[in-house]
Amino acid sequence: MSSLVTEPMDMIPYIGLLLPEVKKVLVDPIPEVRGVAARALGSLIVGMGEQIFPDLVPWLLETLKSDNSNVERSGAAQGLSEVLAALGKDYFDQILPDIIRNCSHQKASVRDGHLTLFRYLPRSMGAIFQNHLQAVLPAILDGLADENESVRDAALSAGHIFVEYYATTSLPLLLPAIEDGIFSDNWRIRQSSVELLGDLLFKVAGTSGKAILEGGSDDEGASTEAQGRAIVEVLGRAKRNEVLAAVYMVRSDVSLTVRQAAVHVWKTIVANTPRTLKEIMPVLMDTLISSLASSSSERRQVAGRALGELVRKLGERVLPSIIPILSQGLKDPNASRRQGVCIGLSEVMGSAGKHQLLSFMGELIPTIRTALCDSTQEVRESAGLAFSTLYKSAGLQAIDEIVPTLLRAMEDDETSATALDGLKQILSVRTAAILPHILPKLVQPPLSSFNAHALGALAEVAGPGLSSHIGTILPTLILAMDDEDV
């Protein structure tokens, strides 16, 4: 209205009548009506200046905290976004810290109102707001995990708008924040992050992502080769592989809603699953090993399920790639990752068929043998569980090629302690199968002090399984009691 008159200041006498009506319309139930009222406020500020409306911004900020309804808060957020755009960069820079601070206010209605504001600011402020994304993103991510559903919806809606407006111009800023959210301990953040990642990839690929994909195998997707190339061109092949590895892993999430979101994203952007998995295998295995070594039990479970599914579905096509990567992982200086390798080996052997594993025994057995003598106890414990899984497929071959090596290592002062603990680990899971192979070596006279100590240590984990071997052990122990060196 102020733009239609020659001199906007001529409207000053009518502001007292006009402004209350605009405020009423700003909280109208119809979103389109609220949008028109918000733009009208922005036009009034641009045409007449802030000084004519000294109480407008405080009123909008107060309404943003309203307990009454989402409609009022949404209208205030829309109006405030237009007013802030009209007031310019300096004013926005000054007020932004208070807006971010209120996103973590103790009242849910206050959090909801201020997060809703971020839904409208990209539209009204464009590039000016883009410069503040780094400061705003943490508030959005925190909102995704809020206990209040309305607050979570407001944060997710703002995230969708951020991706829509800044996916191409601020990709290096948005993508890392979304990737971190995919591996969050909170399932709500994982779900929202997968949805936002999907939005981002759909925009980069030039697809809507709204195709309904029900049923069918994982080999079937809605993507095209051209869309795949577009993602590689924008993200780069290395980052694209990291992103797809993360999406593939959370397809096995413990939360159904996260799984469904991840499957939808995967099928929409991947044209050929077997070929894509072959391309990203090294990065995928690195992601899974890191997650298997995570302190989060839920993340370990998700990684284990993903690895198991990978082997069950693609078996012979992926085992030649997976097993060498796991074997090489035991050389990692990080003990947690070495433990992750052992857990991964258990998942792979438990999911693959016995006939599939037979051709890989030359790599599996030495790998587990090495892990059983690792310098870190947690790695040896996980290696013991891996040995138990290996025994189901390899049987006596596993014992014949691992136990003698451990027994020889016990004779070396440098490796005796770890070798003994390795024996304890496999004995604790396969007592009946292992004892007959260990005892003849340990009770062979003359009994050394170390062998006597080893018998005691192994007896702790052998439990009732030792009973049937008492006749073999006692004579040697009684005979050694006369030896002062034992």
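The structure displayed is predicted, hence computed values, not measured ones.

Draft legend 1. Seen up close, the UniProt feature "repeat: HEAT" (unreviewed entry) in the protein chain. UniProt records the feature "repeat: HEAT" (unreviewed entry) at residues 18–56, 56–94, 136–171 and 364–401, using the numbering of this structure. The annotated region residues 56–94 carries 85% helix and 0% strand content, and the separation between its end C-alpha atoms amounts to 17 Å. Each end of residues 136–171 is marked by a C-alpha atom, and these two atoms are 15 Å apart; helix forms 78% of the span and strand 0%.

Draft legend 2. Molecular detail of a nonpolar patch on the surface. Nonpolar side chains collect at one region of the surface, where I470, L474, L477, I478 and M481 lie side by side and expose about 470 Å² of accessible area between them. In this structure, I470 sits in helix α25 (residues 470–480).

Draft legend 3. Highlighting the layout of surface pockets. In this structure, the largest pocket encloses a volume near 270 Å³. Lining the largest pocket are 17 residues, and of these E225, G228, R229, R240 and E279 lie nearest its centre. When residues of the lining of the largest pocket are traced back to their parent elements, those giving at least two are α12 (225–235), α13 (237–250) and α15 (273–292). Examining the composition of the lining of the largest pocket, we find that five residues originate from one element, α12, more than from any other. Its residues assigned to classes, the lining of the largest pocket shows six nonpolar, five polar and six charged.

Draft legend 4. Main features of empty space enclosed by the protein. With the rule as written, the count across this model stands at two cavities of 30 Å³ or more. Quantified by volume, the largest cavity comes out at close to 80 Å³. In terms of lining, the largest cavity is formed by I182, F183, S184, D185, R190, M249, V250, D253, S296, E298, R299 and V302. Only α13 and α16 (297–329) provide two or more residues apiece to the lining of the largest cavity. Here the residues of the lining of the largest cavity sort into five nonpolar, two polar and five charged. By volume, the second largest cavity amounts to about 70 Å³. Around the second largest cavity sit L137, I140, L141, G159, F162, V163, L174, A177, I178 and L196, which together line it. Of all the secondary structure elements, the ones that give two or more residues to the lining of the second largest cavity are α8 (133–144), α9 (149–166) and α10 (171–182).

Draft legend 5. Summary view of helix α2 (residues 31–48). Its 18 residues give α2 an end-to-end C-alpha distance of 26 Å, which sits within 8% of 26 Å, the value for a rise of 1.5 Å per residue. Among the residues of α2, those classed as buried are R34, G35, A37, A38, L41, G42, L44, I45 and M48. Positioned one or two residues after α2, G49 has a phi angle of 95°, which is positive.

Draft legend 6. Looking closely at the packing of aromatic side chains. A complete count under the given rule lists six aromatic pairs for this structure. When the centroid spacing of 5.3 Å and the interplanar angle of 65° are considered together, the rings of Y248 and W266 count as edge-to-face. Remark: W266 occurs in helix α14 (residues 256–269) and Y248 occurs in helix α13; sequence separation between them is 18 residues. What makes Y248 buried here is its relative accessible area of 2%. With a relative accessible area of 0%, W266 lands in the buried category. Each member of the aromatic cluster is reached from another via a ring pair, and the members are F92, F118, F129, F162, Y165 and Y166.

Draft legend 7. Local environment of the nonpolar core. One finds F118, F129, L310, I322 and L390 to be the most contacted residues of the largest nonpolar core, which totals 150 residues. Among the elements that line this core, the one with the most residues is α16, at twelve residues. Two domains each provide a minimum of three residues to this core, namely domain 1 (1–166) and domain 2 (395–485). Excluding residues that lie within four positions of it along the chain, F118 makes contacts with L96, I99, I100, C103, F129, V136, I140, A158 and F162.

Draft legend 8. Highlighting the UniProt feature "domain: Stalled ribosome sensor GCN1-like HEAT repeats region" (unreviewed entry) in the protein chain. Those places that UniProt annotates as "domain: Stalled ribosome sensor GCN1-like HEAT repeats region" (unreviewed entry) correspond, in this numbering, to residues 33–172, 275–412 and 434–484. Split by type, residues 33–172 is 79% helix and 0% strand. Its first and last C-alpha atoms lie 36 Å apart. Counting secondary structure, residues 275–412 comes out at 85% helix and 0% strand; the distance between its end C-alpha atoms is 47 Å.

Cut-off values and rules
- Residues numbered from 1 in each chain as written.
- Predicted model: local features only at pLDDT ≥ 70, side-chain atom pairs only at ≥ 80, totals over all residues.
- Heavy atoms only, no water.
- UniProt positions renumbered as here; feature names shortened; annotations may be inferred.
- Helix = DSSP H or I, 4+ residues; strand = E, 2+ residues; numbered from the N terminus.
- Patch = residues over 30% accessible without salt bridge, like charges linked within 9 Å, V, L, I, M, F, W, Y side chains within 5 Å.
- Areas by Shrake-Rupley, 256 points an atom, 1.4 Å probe, with all protein chains shown as cover.
- Salt bridge = Lys/Arg side-chain N within 4 Å of Asp/Glu carboxyl O.
- 1 Å grid on protein atoms, 1.4 Å probe; cavity = no way out; pocket = protein on both sides within 12 Å on 5 of 7 lines; lining within 4 Å.
- Points joined across faces, edges and corners; volume = space filled by probe spheres on them.
- Nonpolar A, V, L, I, M, F, W, Y, C, P; charged D, E, K, R; others polar.
- Expected span 1.5 Å × (residues − 1).
- Buried < 20%, exposed > 50% of the residue type's maximum accessible area, 1.4 Å probe, protein only.
- Phe/Tyr/Trp six-rings, centres within 6.5 Å; stacked < 30°, edge-to-face > 60°.
- Core = buried A, V, L, I, M, F, W, Y, C linked by side-chain atoms within 4.5 Å.
- Domains from an automatic or database assignment.
- Contact = heavy atoms within 4.5 Å.

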